[in-house]
Amino acid sequence: MTYDGIILGAGHNSLVLQAYLGRAGLKVLCLDRRHVAGGGLATEEDPRHPGFLHNTHSFYHRALTHAPWYRDLKLEEKGAVYLEPDLNVALILRSGDTLEWWTDFEKTAASFGNFSVKDEAALRRWRNDFLPIVESILVPESRRPPLPPERRRQLLEKSAEGRLLLEVSALSPLEFVLREFENPVIQAGLLFFNGLREVDLRCRGFGHHIAALLASPGKAQMCIGGSAALARALVSAVHESGGEIRLQTTPHRILVNAGKATGVETSDGTRYQARHFVASGLNPQQTFLELIDADLLPQQWRDKARTFRYNLLAPLFALHLNLHERPRYSAALKNAEIENAFMVILGLEHFEQFPEIVRCHQEGKIPPTVMWGSCPTHFDSSQAPAGKHTAFMWEKLPYRLNGNPLQWDAYKQEHGRAMLERWSQYAPGLKDSVIDSFVRSPLDTERTLPNMQGGDLLVGAFTDGQVGYNRPFEGAGHYRGHLSGLYLCGASCHPGGNVTGLAGYNCAQVILNDLGVGAEWAPPAAEGVISQL
Ligand SMILES: Cc1cc2nc3c(=O)[nH]c(=O)nc-3n(C[C@H](O)[C@H](O)[C@H](O)COP(=O)(O)OP(=O)(O)OC[C@H]3O[C@@H](n4cnc5c(N)ncnc54)[C@H](O)[C@@H]3O)c2cc1C
């Protein structure tokens, strides 16, 4: 069987890539070991309780409807319809006070002002200063193959916006927050958001992340019917473009002939030939160390793939509930709007908790509980039987529990019970409302999606220089592997993990360019955009 190209893994990045290539007239096959396409776009029906749907991987899709591929592939028409609740995030304190992020910036500023007038002013200042940086530099950069770091710096130094970005980037998120904000709750809230992106808060080079988040108009959104509705829409876009997806098919080896990737052999011995390319949506270890014969991989690439780093702080533990009633937070007695909060953060009171959380992750211990989650059915009743609800909470917990990830199998139920206890302290009556529940550990994440090694949902740290042009590592940051016709398209590439689809979108630009196929949808190169500032 011969195709123009073969893609490994049917995560959303791969599907975005496949749809664009199909639309360009290429015949492309995608292979995935699971029984369903979409990777982290997973919505599972509770087998014991039909009608209760749970988003077992991603749920919050930031600014998804602003993504260029969402528009180009007409995904709304294909059933991926999004909601963006107004009270987007609420940090609920033990006192019942709340720090709030609204889609309406003025309401967010007012909430900051309740804690500190000075911090409200800092929020306004940084939002105004960073708005043009987000719109003219950071968003365009995320949607294109990245520039080499030196060239990027040269170009940025030519404009006031670029210089401010470089200056703030030189800080760590922690340094930025402590320098610019005074209130411990606000400091904690901002660092939490930084942590959601899994950026190590001590790491220099990422000071701009929080300012960018403050300025970013895109907020958390959810897909009606569950995250899998986006996967189904992408699959439909792939099929519409003539693409083929084979599930429950595990690649065993990338076939190579005369220095060119020419196909894939699967674990049952079937060989699929590729005229032009093989693109991997898997992680660098899977791609280079497991799927390419050792004698076809230069030592330098082997070393770089082997030392590719995963995030210490990314693994999540999840508690999923089927409920008679939705969680009712006692904080709503003080502020009724909390009833409609989309993402709720519990257990976070001050920023000094973060060093303790990091220490626990390093030592494989359970940290003090900080958790966040939602009641999806409050916004979308289709995710549970009539009148019933689902809710979930996530907590960042170490993959190597007490030094051994297998410990999770024995401990996870107990931890789920502890989380429910803690959650009920903020939402009295929650325990009595539970119909059933289940948990997922960081080890479960890796078992379901092995590309998320160590439970790292971003499929690779942003530390150790693994960003931009050097993601996944130096020499592979252009979506190209060491062989002609070999490409990378997953979250291990720029701009990284989460549901952005941009690794697939950018890889499509590179492959079509290499094949000399025109792509009218492709944006102008990063070089031109940044030089125009
Ligand atoms: C618990 C949890 C919660 C999350 N919440 C959010 C969130 O709210 N918002 C957000 O934006 N992101 C979230 N994420 C992260 C997000 O899911 C990932 O970053 C994103 O899915 C990565 O997309 P991808 O297309 O690169 O790969 P993936 O979605 O990981 O897909 C990879 C695909 O490759 C397949 N695969 C793996 N190994 C092999 C193999 N050997 N052979 C064949 N196929 C293989 C897998 O089956 C999968 O289909 C969450 C992740 C987890 C685990």
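Below or above, wherever it landed, is the structure these notes cover.

1. A closer look at the side chain of Q383
Move 1: For Q383, the location among the structural elements is in the loop between α14 (376–379) and β17 (389–396).
Move 2: Here the side chain of Q383 touches N55 through a polar contact of 3.1 Å, side chain to side chain.
Move 3: Excluding its chain neighbours within four sequence positions, the residues that come into contact with Q383 are G51, F52, L53, N55, M222, C223, G225, G226, P376, T377 and T390.

2. Points about the nonpolar core
Move 1: Residues Y60, F130, F176, F181, L190 and I345 are the most contacted members of the largest nonpolar core, which totals 71 residues.
Move 2: Non-local contacts of F181, meaning those with residues more than four positions away in its chain, are made with F112, D119, A122, L123, F176, I186, Q187, L190 and L214.
Move 3: Of all hydrophobic cores here, the second largest spans 70 residues; its members include L21, Y70, C223 and F473.

3. Considerations on the sheet that holds strand β18 (residues 434–440)
Move 1: On the basis of which strands lie adjacent, the open sheet formed by seven strands has the order β8-β7-β15-β16-β17-β14-β18 and mixed pairing. In this open sheet, the two edge strands, each paired with only one partner strand, are β8 (98–102) and β18. Across the sheet, the mean angle from the axis of one strand to that of its neighbour is 20 degrees, orientation sign disregarded.
Move 2: Examined bridge by bridge, strand β16 (residues 371–374) and β17 share four bridges and lie antiparallel to one another. Directly across from W372, in β17, lies its bridge partner W394.

4. Description of the side chain of Q285
Move 1: With respect to the element layout, Q285 can be found in helix α11 (residues 284–290).
Move 2: There is a polar contact of 3.5 Å between the side chain of Q285 and the backbone oxygen of F308.

5. Things to note about the site of the ligand
Move 1: By nearness alone, 31 residues border the ligand, and D32, Y60, L457, N498 and V499 come closest of all.
Move 2: In the model, an oxygen atom of the ligand is placed 2.7 Å from a nitrogen or oxygen of the V499 main chain.
Move 3: Protein contacts shield 95% of the accessible area of the ligand, which totals 990 Å² for the unbound molecule.
Move 4: Residues belonging to the shell around the ligand are distributed by class as follows: 13 nonpolar, 15 polar and three charged.

6. Here we look at the layout of surface pockets
Move 1: Here the second largest pocket is characterised by a volume of approximately 340 Å³.
Move 2: Lining the second largest pocket are 20 residues, with N311, L312, Y399, R400 and G454 positioned closest to its centre.
Move 3: The element contributing the most residues to the lining of the second largest pocket is helix α13 (residues 353–363), with three residues.
Move 4: A breakdown of the residues in the lining of the second largest pocket according to their chemical character gives six nonpolar, eight polar and six charged.

7. So, the packing of helix α4 (residues 117–142) against helix α7 (residues 173–180)
Move 1: Contact pair α4 / α7: the axes reach a minimum separation of 10 Å and the direction vectors enclose 125 degrees. Of the possible angle classes, the one that applies to α4 and α7 is oblique. In this structure, α4 uses D119, A122, R125 and W126 to contact α7, whose residues at the interface are F176, R179 and E180.

8. Focus on helix α10 (residues 228–240)
Move 1: Taking 1.5 Å of rise per residue, 13 residues should cover 18 Å, and α10 covers 18 Å from first to last C-alpha, within 8% of that figure.
Move 2: For α10, every residue scored as buried is listed here: A228, A229, L230, A231, A233, L234, V235, A237 and V238.
Move 3: Residues of α10 that are buried make contact with α1 (12–23), β5 (61–62), α2 (68–72), β6 (82–83), β9 (220–223) and β10 (244–246).
Move 4: One or two residues past the end of α10 sits G242, with phi positive at roughly 90 degrees.

9. Observations regarding helix α6 (residues 160–169)
Move 1: Considered for burial, the residues of α6 that qualify are G162, L165, L166, V168 and S169.
Move 2: Of the surrounding secondary structure, the elements contacted by the buried residues of α6 are α4, α5 (149–156), α7 and α9 (208–215).

10. Description of the sheet that holds β5
Move 1: Pairing is antiparallel across the open sheet formed by three strands, whose spatial order is β5-β9-β6. At either end of the open sheet lies a strand with only one pairing partner, and these are β5 and β6.
Move 2: Bridge count for β6 against β9 is two bridges, and the pairing is antiparallel. Paired with Y82 across the strands is C223, a residue of β9.

Parameters and conventions
Residues numbered from 1 in each chain as written. Predicted model: local features only at pLDDT ≥ 70, side-chain atom pairs only at ≥ 80, totals over all residues. Heavy atoms only, no water. Helix = DSSP H or I, 4+ residues; strand = E, 2+ residues; numbered from the N terminus. Polar contact = N/O pair within 3.5 Å; in protein donor to acceptor, adjacent residues only side chain to side chain. Contact = heavy atoms within 4.5 Å. Core = buried A, V, L, I, M, F, W, Y, C linked by side-chain atoms within 4.5 Å. Buried < 20%, exposed > 50% of the residue type's maximum accessible area, 1.4 Å probe, protein only. Pairing = 2+ DSSP bridges. Axes fitted to C-alpha atoms, helices over the stretch in contact; angles between N-to-C directions. Near = heavy atom within 4 Å. Areas by Shrake-Rupley, 256 points an atom, 1.4 Å probe, with all protein chains shown as cover. Nonpolar A, V, L, I, M, F, W, Y, C, P; charged D, E, K, R; others polar. 1 Å grid on protein atoms, 1.4 Å probe; cavity = no way out; pocket = protein on both sides within 12 Å on 5 of 7 lines; lining within 4 Å. Points joined across faces, edges and corners; volume = space filled by probe spheres on them. Parallel < 35°, antiparallel > 145°, perpendicular 65-115°, else oblique. Expected span 1.5 Å × (residues − 1).

These results come straight from atomic positions and should not be treated as a statement about function.
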